[in-house]
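# Structural overview for review
In case you want the letters, here they are:
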Amino acid sequence: MSILEASSRQMRYTLTLESNDNSAFNIIRNIYECFRMLGDALLVSRGKLSEDHVEQIRVLENLRIQTERPIRLVDNLRKMRHNINYYGYNPKKIESDDAISLAKACFESLLKAVKEEIASNLRERRLG
C-alpha cells in the first residue's frame, strides 16, 4: 500500500506542474513512473516480482475497468520515457499535455481498482 500512496502523492504533485517544453521531460517521466508503480504494487500483492516495466504495465492493461481513455496508451508513455532516459529524446509540451490528459482520464480509476485488489489479496492471505 505504501507504493500506492507514493504513486498517488507523486501524481498529485506532477499534475500541479505547468506543462511547457522545459517541463515536458519531467512531467512525462513522473506520470509514467506513477502508473508503473501501480503495476508493481499489484504484482507484488500477487506474490510476483516483475522482471521489467513491460510486465508492470501489462498487468494494468489486463484490469477490467472502464476509463475515459484506453489504458494501453500507458505503454506509449513507457516507450517515450525509455527514449527520454536512454536516447536523449526531448519531448515537447504537446506530449506532456497528452500525458496529463491520460493521467486525468485513467489514473484514479486504476488506483482505485489496484487498491481494491490489493485489499482483497491481503484479506485472502489473512484468512488462508
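Please refer to the structure placed before this passage.
In this report, we go over the structure that sits alongside the text. (Residues numbered from 1 in each chain as written. Predicted model: local features only at pLDDT ≥ 70, side-chain atom pairs only at ≥ 80, totals over all residues. Heavy atoms only, no water.)

### Side note on the pattern of salt bridges
- Scanning the model with the defined rule gives nine salt bridges in all.
- Ionic pairing is found between R69 and D98, a salt bridge with its closest N-O pair at 3.0 Å. Here R69, found in the loop between α3 (53-61) and α4 (74-87), pairs with D98, found in helix α5 (residues 93-127); they are 29 residues apart in sequence, far enough to count as distant.
- Take D98: its relative accessible area is 41%, and that puts it in the partly exposed class.
- We note a salt bridge from K93 to D97, for which the minimum N-O separation is 2.7 Å. (Salt bridge = Lys/Arg side-chain N within 4 Å of Asp/Glu carboxyl O. Helix = DSSP H or I, 4+ residues; strand = E, 2+ residues; numbered from the N terminus. Buried < 20%, exposed > 50% of the residue type's maximum accessible area, 1.4 Å probe, protein only.)

### A few points about the packing of aromatic side chains
- On inspection of all chains with the given rule, the structure shows one aromatic pair.
- Considering the side-chain rings of F35 and F107, the 5.6 Å spacing of their centres and the 75° angle between planes classify their relative orientation as edge-to-face. Here the residue F35 occupies a position in helix α2 (residues 24-45), and F107 occupies one in helix α5, the gap between them amounting to 72 residues. Comparing F35 with F107, the two get one shared label, buried. (Phe/Tyr/Trp six-rings, centres within 6.5 Å; stacked < 30°, edge-to-face > 60°.)

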